Structures are given as C-alpha cells and as structure tokens.
Amino acid sequence: MTELLTSAQMRAVEQAAMDSGTVTGLELMERAGQGVIDAAFSHWPELAQAAHRALVLCGPGNNGGDGFVIARLLKEAGWEVDPFLYGDADKLPPDAKANHQRWAAMGGVMELTAENLQAAVRPDLIVDAVFGTGLTRPLPSVVQQAFSSLGRNKWKGRTSIRRIAVDCPSGLNLDTGMVPHDLEKTGGVISTNLTQLTVTFHTPKPGHYLGAGPLVCGAVVIADIGLGPSDPERSMLGQPPDDRRARLVEPVFAGSNLPPRIWPGSFVSKSRRNGHKFNHGHVMVFAGGVGRGGAGRLAARAALRAGAGVVTLVCPPSALIENACHLDAIMLRALPKDARLDSVADDRVTAFCIGPGLGVNDRTRDLVAQVLARRGGTRAWRDPVVVLDADALGSFAGDPVALFDQCHPRTILTPHEGEFARLFPDLALSQRGDLSKIDAARQAAARAGCTVLLKGPDTVIATPRGGASLHAAAYDRNAPWLATAGAGDVLAGLIAGLAAPDTSADLITMAEIAAYLHVECAASFGPGLIAEDLPEELPKVFRAIGL
Ligand SMILES: NC(=O)C1=CN([C@@H]2O[C@H](COP(=O)(O)OP(=O)(O)OC[C@H]3O[C@@H](n4cnc5c(N)ncnc54)[C@H](OP(=O)(O)O)[C@@H]3O)[C@@H](O)[C@H]2O)[C@@H](O)CC1
Ligand SMILES: Nc1ncnc2c1ncn2[C@@H]1O[C@H](COP(=O)(O)OP(=O)(O)O)[C@@H](O)[C@H]1O
Ligand SMILES: [K+]
C-alpha cells in the first residue's frame, strides 16, 4: 500500500523537511529535475545514448523551476534545449527564480505561446513543467492554445517525439483527477493526452488515479527526492487507514518474484489451514422475484467462491423453483411476503448481502431494516456484516436519513455514482466541484455512519472516521471489461464472502481485497468477460496470489 498525498499534504511534507534543516528547497528542486531526467532515460534508453534536443515548457511556479533544472542538466549533458516560459520571470518564487537565473547564464528563454512553439525546431523530447500541484484554476487560454498547437505542428516524425510531464500533465488537478471542461472543448486535453510518462515526487497523488488522471498521465513513475520513507505505519496492512491521508490499494509481495501472499493472501480466511465451514462464515444473500433472481445468484456465487463456508440465497416462494434450477452448493430458503427474517436466519449468519435484483419498494426497505437491526447473538461474537447495494440503496432514495439512522459500523454501502447521487445529492459527481471523489466518499461515510465504497474504474472506500483508500483499475490494471451488467452484484457478494469469517480483518481491508480481486478476475479472464465469469475466475486468481 502506498500513501497518496494531496497537494497541501505534499507541501507540508516538503516544508517540514526544509524546516528541519536537512534539505533546502533548491536541493529538492535539483533532485526533482534529476529524477525526471533519470526516469526519462530509463523509460526511453535511446535518449540516454546520445545528446538530443528538448523543448522545455515552464510555468510561473516551482513546477517551472523543475523545468529550468531539467533544461540545465540536459544542456550540461550536451543536449540542445529550448525553454519556453509562461509568466513573468521576475515573479517566479525564489527557488524557481534561482534556477531560471542559472539557466539564463547558459541560454535564452522564449515566451510560451502557440506561435513560438510553431516556429520551434523539432525536439526529441517535450517536457511539460508548466503547472504541478499549484494549479488553482483552469489553464490560461494562452497555455491551452500552446498545448493545442503542439498537436498541429508540422514537425517531421511528430509521433515519435517523447513527451514527459513533471508531476502531472499541466491542467490536471492532482487532488481530484479532474481536467477543466474548457480544456476538452479547446482540444487542449488531446495534446495533454499525448503525455507518455508522468514523473511525480515522493508519493503518487490522488489525481494520478482518480477521474481523468489515468487517461492523461500515460504512465506514472515516482521519483525519490530524499524526503524519507512515506510513513509506513500509516499505511499498515490490516489496519484502518490514517484518518487524514488516503492509501492506494496495491498487493504486497513478500519478495520480487513471489506472489502477493502477504496482502491480500494472508487476509483470506482459507489461507489459514484449519477450521470448519462455519469458521469461514455464513453469508445470506437476498434475491428478487421470478425472473429477477440473477443478480442475487451472482452475488451468492461470488460469496461462495470467495471462501464463505456457507451461502444461503433467500427468495420469495414464487421464485423457489427458478432458483432451485440454478443452484446446488448454495442453499435456498423461501421467505414469504410478510414473514420475518428470523424465520430463515439464525445467529450463525455472519454476513448479509442485500439489494441486487430486489426491487425498489417497501418490502426491500423492510428487509433492510430487519437485516440492520440484527446483532451478534449467542453464537456470533460480533455483529454481522451488512453489504447494501443496488435496490437496497435505491429504496431509500427519497429518504436517505431513514437508512443512515439504521446503519451500524459493520455496514457497507456499495453505490455506483448514480446510486450515490440519490443518497447524497449534494456530493454527487455533478455537484462536486473541487471536492475529490475521496473526500466525497469520506463525507458520505461520516453522514451514513458506516463504510462507503463508491464504485468506478476509480473505486474509493471510506470509513466514518475519515480513513480512505483508493483502488484504481488503471494503467497496467485497466479493466474496461468490468463495465458489464452484474459486475457490481459480484463485487457485493465478494465483500460479503470475504468479510463473513469470524476472523476477518476490518471491513475496509476486506472491501479493499474484494475490489482488488474483482479486477484481478477481470484481468485474468480478459476480453469477452461477462459477470458470470468473475466468480469462476477466482480459483485461478487465488492460486496466482499464492493461496
Ligand atoms: N516545494 C518544493 O520544495 C518542491 C516542489 N516541487 C515542484 O513544485 C511544484 C509545485 O510548485 P508550486 O506550488 O509553485 O505550483 P505550480 O504548479 O508550479 O504553480 C503555481 C503557480 O502557478 C500559478 N497558477 C496556478 N494556477 C494557474 C492558472 N490556472 N493560471 C495561471 N496561473 C496559475 C500560481 O499563481 P497563483 O494561483 O498564486 O496566482 C503560481 O504562480 C510541484 O508540482 C513540483 O513540480 C519539486 O521541485 C519538489 C520540491
Ligand atoms: N471501466 C471500468 N473499469 C474498471 N472497473 C469498472 C469499470 N466500469 C465498471 N467497473 C466496475 O464494475 C462494477 C459495476 O458495478 P455496477 O455499476 O453496480 O453494475 P451492476 O449494477 O450492473 O452490477 C463496479 O465494481 C465498478 O467499479
Ligand atoms: K506539469
């Protein structure tokens, strides 16, 4: 697991290092510039073989300062370098100004405009050092036009020019992963999109993984600038994440060539080699009426494959035969319309998964209420986990507080953005503005009093106390085939199955593992994936992680 630092947190880390007297801002900037060049040479070894030509686009802050370090270091290595500056050199912050001056002794600087870029000699490398963590508003139009013009340049062999971004492609908000809409309209994002490699410092930032981040960054490399290890205890495995920082969900390998047995491997109940079926939990999944049972069955199948000792599907009596035709290992119970949950669930049910395919109606609300009212009884030592998804959330759309009043700490809501908007209208994507998806999920979790998993290619899991983690199906873990009906039902079942055992770790850890395995299953199956394939791929994925 890696910590993700917001812009403000990154500045605080830098400031603390400088205040401690162990390093100066100039030294950090030098290491940042060197880190970008090292990453470029390692990514494109041919650039390290001989001197080439670089075009370095610099901005009015310290990101621009990094650009001037890069310009100088490349020039010292024999490269031809053409720097362009947006803004007033006299107003650069001190470290950036010092590096601008050091460069000025070596060569000139052009103003960053579309016209000047059009007139530039074809480079082999374009360095984007216009804006980094300090971007506070949409890109100025002159910068947008300059970026767009790069896409129109008549340079020979234009597509073979390498493009690297310092900290982020300029225009990307590193806290939110958003790029301004006007950037898209002007086509600016298209040129930004051509970034092949983004080099950031110390830790990745949320914006590299949220929203448009993965679409515009190319690949992300972290350069160590000597700020020390990011706080290991804050991202400790099996512990809830730090209240103020977010962590990136990643596997933990015991050794470079070994499977990730530590995380997630050791957190899967059946990695421990003893116990009987009830030690691995009993999951109860609710399914809809006739013809609407598929979603519940998918969730149940996922829970069983995830390792739950027992899985029971509960459905209306009219759907019993339909479900019986589909199920063998999964137990089946009928629950008549007015019957109480107690008639089918005893204390040994350690996790409930409710919502997929149930229908948006009063009966669903009533069942949710009954499930949330259950407590660990004589045979269970802690309250059952409750996974609320799909129609269990939709049934409270007009009255979310009625749901939140019933949620307890062992509850997890798993909305997609549409369901999230119905429960938390003011935190909806369309209303979010500068609020990141991580902070939106945090606020939602605090309001609901339980864990919230907000789905998407960027899945955020947040706890009421502020702990948050981000699982990104991005870069080498792209999983577009997961955008398929029923994939969310499988995720809900996975969470229930993984969190059901008595000995399971905290809910956020088990939800992180579910999100991770979900994408591993998609990646392992590959193109053509449909939801039914996900649970069936789990055995292969479990083997691959060393179980
Ligand atoms: N601190 C360190 O020790 C280290 C920092 N490092 C590097 O510093 C970078 C952060 O530097 P930074 O904080 O100066 O921010 P940066 O992104 O350069 O921009 C700020 C400037 O842009 C301006 N501005 C913002 N938005 C604008 C807009 N839309 N349109 C126009 N102007 C706009 C803003 O003006 P203002 O908003 O104040 O009016 C201000 O002048 C970081 O990404 C990393 O690369 C590394 O060297 C490692 C050591
Ligand atoms: N492009 C994508 N890349 C990675 N994961 C995705 C993508 N699109 C959707 N997902 C994942 O697939 C699941 C879809 O869930 P959901 O929207 O609830 O669908 P359904 O209700 O049909 O099951 C979520 O876990 C989501 O994170
Ligand atoms: K940049």
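Owing to the predicted nature of the structure, the values given are computational and were not obtained by experimental measurement. (Residues numbered from 1 in each chain as written. Chains lettered and ligands numbered in written order. Predicted model: local features only at pLDDT ≥ 70, side-chain atom pairs only at ≥ 80, totals over all residues.)

1. Looking at the UniProt feature "binding site: K(+)" (unreviewed entry) in the protein
With numbering matched to this structure, UniProt assigns "binding site: K(+)" (unreviewed entry) to Asn63, Asp128 and Ser170. In three dimensions, the annotated residues from a span of 108 residues occupy one location, with a maximal C-alpha spread of 9.5 Å. Position of asparagine 63 among the secondary structure elements: in helix 4 (residues 62–76). Excluding its chain neighbours within four sequence positions, the residues that come into contact with asparagine 63 are Ala129, Val130, Phe131, Gly132, Gly134, Val166 and Asp167. By the secondary structure assignment, serine 170 is in the loop between strand 6 (162–166) and helix 8 (181–185). Those residues in contact with serine 170 that lie beyond four places of it in its chain are Gly59, Asp128, Val130, Phe131, Leu139 and Val143. (UniProt positions renumbered as here; feature names shortened; annotations may be inferred. Helix = DSSP H or I, 4+ residues; strand = E, 2+ residues; numbered from the N terminus. Contact = placed C-beta atoms within 7 Å.)

2. So, the site of ligand 1
Around ligand 1, 28 residues are found, and the nearest of them are Gly61, Asn62, Asn63, Gly132 and Gly134. For the shell around ligand 1, the leading source of residues is helix 4, giving five residues. Split into classes, the residues belonging to the shell around ligand 1 amount to 13 nonpolar, eleven polar and four charged. (Near = placed C-beta within 6 Å. Nonpolar A, V, L, I, M, F, W, Y, C, P; charged D, E, K, R; others polar.)

3. Regarding the pairing of strand 5 (residues 125–129)
Counting buried residues along strand 5, five of its five residues qualify, which places the element largely inside the surrounding structure. Going residue by residue along strand 5, you find Leu125, Val127 and Ala129 tucked away on one face and Ile126 and Asp128 tucked away on the opposite face as well. In this sheet, strand 5 lies alongside strand 2 (residues 53–58) in parallel orientation, the contact comprising five bridges. Across the sheet, alanine 54 pairs through a bridge with leucine 125, a residue of strand 5. Inspection of the sheet shows strand 5 paired to strand 6 by four bridges, in the parallel sense. Directly across from leucine 125, in strand 6, lies its bridge partner arginine 162. (Buried ≥ 20, exposed ≤ 12 C-beta atoms within 10 Å, placed from the backbone. Pairing = 2+ DSSP bridges.)

4. Overview of the site of ligand 2
Near ligand 2 lie 18 residues; those nearest to it are Ala473, Leu482, Ala483, Ala487 and Gly488. Of the residues in the shell around ligand 2, the class split is ten nonpolar, six polar and two charged.

5. Some words on the environment of aspartate 476
Tracing the backbone through its elements, the reader meets aspartate 476 in the loop between strand 18 (468–472) and helix 18 (487–499). It is 19 Å that separates the C-alpha atoms of aspartate 476 and tryptophan 263, two residues lying 213 residues apart in sequence.

6. Here's the deal with the packing of helix 2 (residues 25–43) against helix 4
Put simply, helix 2 and helix 4 touch, their axes get as near as 8 Å, and they point 60° apart. Classified by the angle their axes make, helix 2 and helix 4 are oblique. Helix 2 and helix 4 meet at a crossing whose hand is right-handed. Judged by residue contacts, Met29, Glu30, Ala32, Gly33, Gln34, Val36 and Ile37 of helix 2 engage Asn62, Gly65, Asp66, Val69, Ile70, Leu73 and Leu74 from helix 4. (Axes fitted to C-alpha atoms, helices over the stretch in contact; angles between N-to-C directions. Parallel < 35°, antiparallel > 145°, perpendicular 65-115°, else oblique. Left-handed = near helix turned anticlockwise from the far one by under 90°.)

7. Overview of the sheet that holds strand 12 (residues 331–334)
Within the open sheet, the eleven strands sit side by side as 1-9-18-17-16-15-14-13-10-11-12. Their pairing is mixed. In this open sheet, the two strands that pair with only one neighbour each are strand 1 (2–4) and strand 12. Strand-to-strand, the axes of this sheet are offset by a mean angle of 20°, without reference to chain direction. As paired elements, strand 16 (residues 451–454) and strand 17 (residues 458–462) share three bridges and run antiparallel to each other. Across the sheet, leucine 454 pairs through a bridge with valine 460, a residue of strand 17. Of the strands in this sheet, strand 10 (282–286), strand 13 (351–354), strand 14 (385–388) and strand 15 (411–413) are in contact with helix 13 (residues 362–373), which crosses strand 13 at around 165°.

8. Things to note about the sheet that holds strand 2
The parallel open sheet is built from seven strands, whose spatial order is 4-3-2-5-6-7-8. Among the strands making up the open sheet, the edge pair consists of strand 4 (110–111) and strand 8 (220–223). In this structure, strand 2 lies alongside strand 3 (residues 80–85), joined through six bridges in parallel fashion. Directly across from cysteine 58, in strand 3, lies its bridge partner leucine 85.

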